[in-house]
Each structure stands twice: as structure tokens, then as C-alpha cells.
Amino acid sequence: MKNIVVLVSGGGTNLQALIDAEKSGIIKNGKITCVISSNPDAYALERAAKNNIPTEVIRRRDYDEFIEYDKALTALLKSKNADLIVLAGFMTILGHEVISAFPNRIINIHPALIPSFCGEGFYGLRVHEAALNKGVKLSGATAHFVNEVCDGGPIIIQKSVEVKSGDTPEVLQKRIMEQAEWKILPQAVSLFCQDKIKVVNNVAIICD
Ligand code: GRF
């Protein structure tokens, strides 16, 4: 059974999807053993507490230098014996220490079809604003491993979602969460926990 540590900063609907998927058996061979928040007021922490999942808070602003924060987060993750780290709306940039300590063991969910609308500055509603400004007819979500390139790690699963005329960024965000993010993130986690993802030349291969 693999230990899954979920990193959050906000509402935690993706965390909820993971909790529900664990309960219903969609996530095989994995258990959420800790939720770590960058924000002490994140509602995600309440979701964890309601499900008896231990929580921790680590704030960037409590460290003068980024490297100190990066080392502290790495040590915290190691102390939790994390096999897999899931970024579920974690709003703090990960540094070299964390990323190199967990190669192809950190999964992020991005609310667009990478390589579209991704990279630095593309987070939250900005992603959906950019998609609507471009006039794409399909957007979606991507579950991918995290490496040192922002949104550049191996792609595990993608799911497309229709963009409808009259969509606002908020409406599109909600549809992408409901139809894509909450489905593919648990699926990607389950594949990882069953050792069904191989990475060759920065490409993820699913061995189902
Ligand atoms: C989601 O849109 C996800 O794609 C992005 O951050 C948001 C988190 O939302 N990485 P929630 O906290 O899971 O509700």
C-alpha cells in the first residue's frame, strides 16, 4: 500500500475527489496518509479532518529564504514516508530540493490540455480566461508528473471538455473540474499506486 500525501492551499475539491475515490475503491493500493496545506485557513484542511486524515501546515512566509522552505518541505514529506505526492491546488512553487527528492513521484493536476495554456502565470481562472480569449472549442485537464519545468513533466492522463458559447472563466472552470479534474486525478493516482506508469525519455507510458 502506497502512502499518498496531498498538498493543498484552498477549497480542496480535488482532495475531496481523491478521498471519495479512495473510499469507493477507485484508488487501488494507495491511502491518503497526510494532507499538507500552505494556508492554515484552507477549507481542504477541514475536509481532511472530517475524514480523519492527519494534517500539517507549512507556510512559505515563515522562512526567510526559499531554500530553507524548500528543505523544510522536503524533510516534512520524507518524515511522512510519502511514496506519492499529489499537488491538488497547491499554490506555492516547488523547489529543486523537493522535486529532485521525489523524481516522477509528484503528480499535479492542471486545468487545461498541456501544452496549451500552461507554464508560468497560468493558474486558477487565468488559464480559463486565456482559453476563452483564444476561442478554443475544447479545453480540459491534464494529470502529469512534476519536474523542474513548470507544467513540463510527463503527461499521465488528459481529458477534453467542450467549451460552450457564452462560457465565462468561472463556468468553464467548474465544467472542467466536474468533467475532467475530479476524474483523471484519482485515475492517475491509482495507476501510480499500482506501478502501472513507466517514464521513458520524459514520456509516461501506461502499462494497463
Ligand atoms: C484546480 O483548478 C486545479 O486544476 C488547480 O487548482 C485548482 C484547485 O482547486 N491546480 P481545489 O482546491 O482542488 O478545489
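Just above, that's the structure.
Bear in mind the structure is a predicted one, so any value in this text is a computation, not a measurement. (Residues numbered from 1 in each chain as written. Predicted model: local features only at pLDDT ≥ 70, side-chain atom pairs only at ≥ 80, totals over all residues. Heavy atoms only, no water.)

## Some thoughts on the side chain of S190
Here comes step 1: Here S190 shows up in helix α6 (residues 169-193).
Here comes step 2: Among residues more than four places away in sequence, those in contact with S190 are I26, I27 and K28. (Helix = DSSP H or I, 4+ residues; strand = E, 2+ residues; numbered from the N terminus. Contact = heavy atoms within 4.5 Å.)

## What to know about the packing of helix α1 (residues 13-23) against α6
Here comes step 1: Here α1 crosses α6 at 55°, and the two axes come no closer than 9 Å. Regarding the angle of α1 to α6, the classification is oblique. The way α1 lies across α6 gives a crossing that is right-handed. Residues T13, N14, A17, L18 and A21 of α1 form the contact with α6, whose participating residues are M177, E181, W182, L185, P186 and V189.
Here comes step 2: Residues of the contact of α1 with α6, tallied by class, amount to eight nonpolar, two polar and one charged. (Axes fitted to C-alpha atoms, helices over the stretch in contact; angles between N-to-C directions. Parallel < 35°, antiparallel > 145°, perpendicular 65-115°, else oblique. Left-handed = near helix turned anticlockwise from the far one by under 90°. Nonpolar A, V, L, I, M, F, W, Y, C, P; charged D, E, K, R; others polar.)

## Digging into the packing of helix α5 (residues 125-134) against α6
Here comes step 1: Remark: α5 packs on α6, axes separated minimally by 9 Å, with the N-to-C direction vectors making an angle of 110°. Our classification of the angle between α5 and α6 gives roughly perpendicular. Two secondary-structure elements touch here, α5 through L125, H128, E129, A131 and L132 and α6 through P169, E170, L172, Q173 and I176.
Here comes step 2: Of the residues contributing to the contact of α5 with α6, the split by class is six nonpolar, two polar and two charged.

## A few points about the site of the ligand
Here comes step 1: Taken together, G11, G12, T13, N14, G89, I109, P111, M177 and E181 form the complete shell of residues around the ligand.
Here comes step 2: Between an oxygen atom of the ligand and a main-chain N or O atom of N14, the distance comes to 2.8 Å.
Here comes step 3: Protein coverage of the free-state accessible area of the ligand, which is 370 Å², stands at 84%.
Here comes step 4: Placement of the ligand is best described as lying within the largest pocket.
Here comes step 5: Mapped by element, the contributors of at least two residues to the shell around the ligand are α1 and α6. (Near = heavy atom within 4 Å. Polar contact = N/O pair within 3.5 Å; in protein donor to acceptor, adjacent residues only side chain to side chain. Areas by Shrake-Rupley, 256 points an atom, 1.4 Å probe, with all protein chains shown as cover. 1 Å grid on protein atoms, 1.4 Å probe; cavity = no way out; pocket = protein on both sides within 12 Å on 5 of 7 lines; lining within 4 Å. Sits in = over half its atoms within 2 Å of the grid points.)

## Considerations on the pattern of salt bridges
Here comes step 1: One pass over the full model with this rule turns up five salt bridges.
Here comes step 2: For R59, the salt bridge identified is with D62, shortest N-O distance 3.2 Å.
Here comes step 3: Judged by its relative accessible area of 25%, R59 is partly exposed.
Here comes step 4: The exposure class of D62 is partly exposed, given its relative accessible area of 48%.
Here comes step 5: Where D167 meets R175, a salt bridge forms, and the shortest distance between an N and an O atom there is 2.7 Å.
Here comes step 6: Of the residues examined, D167 reaches a relative accessible area of 14% and is grouped as buried.
Here comes step 7: Take R175: its relative accessible area is 11%, and that puts it in the buried class. (Salt bridge = Lys/Arg side-chain N within 4 Å of Asp/Glu carboxyl O. Buried < 20%, exposed > 50% of the residue type's maximum accessible area, 1.4 Å probe, protein only.)

## A closer look at the environment of G140
Here comes step 1: Relative to the elements of secondary structure, G140 occurs in strand β6 (residues 138-145).
Here comes step 2: You can call G140 buried: its relative accessible area is 0%.
Here comes step 3: The spatial distance from the C-alpha of G140 to the C-alpha of A17 is 17 Å, given a sequence separation of 123 residues.
Here comes step 4: If we skip the residues at most four places from it in the chain, G140 touches H110, P111, A112, L113, K159, S160, V161 and I176.

## Examining the packing of aromatic side chains
Here comes step 1: Following the criterion strictly, the structure yields three aromatic pairs and no others.
Here comes step 2: Measuring from ring centre to ring centre gives 5.8 Å for F66 and Y69, while their planes differ by 50°; the resulting arrangement is tilted. Linking F66 with Y69, this pair stays in helix α3 (residues 66-79), spanning three residues, or about one helical turn.
Here comes step 3: Within the aromatic cluster, the residues linked to one another by ring pairs are Y63, F66 and Y69. (Phe/Tyr/Trp six-rings, centres within 6.5 Å; stacked < 30°, edge-to-face > 60°.)

## Here's the deal with the sheet that holds strand β3 (residues 55-57)
Here comes step 1: If you trace the seven strands from one edge of the open sheet to the other, you get β3-β2-β1-β4-β5-β6-β7, paired in mixed fashion. Of all the strands in the sheet, the pair left with one neighbour each is β3 and β7 (155-162). Pairwise comparison of adjacent strand axes, ignoring direction, gives a mean angle of 20° for this sheet.
Here comes step 2: The pairing of strand β2 (residues 30-37) with β3 spans three bridges and is classified as parallel. For I36, the partnering residue across the bridge sits in β3 and is E56.
Here comes step 3: The sheet strands contacting helix α2 (residues 43-50) are β1 (2-8), β2 and β3, and the helix crosses β3 at an angle near 155°. (Pairing = 2+ DSSP bridges.)

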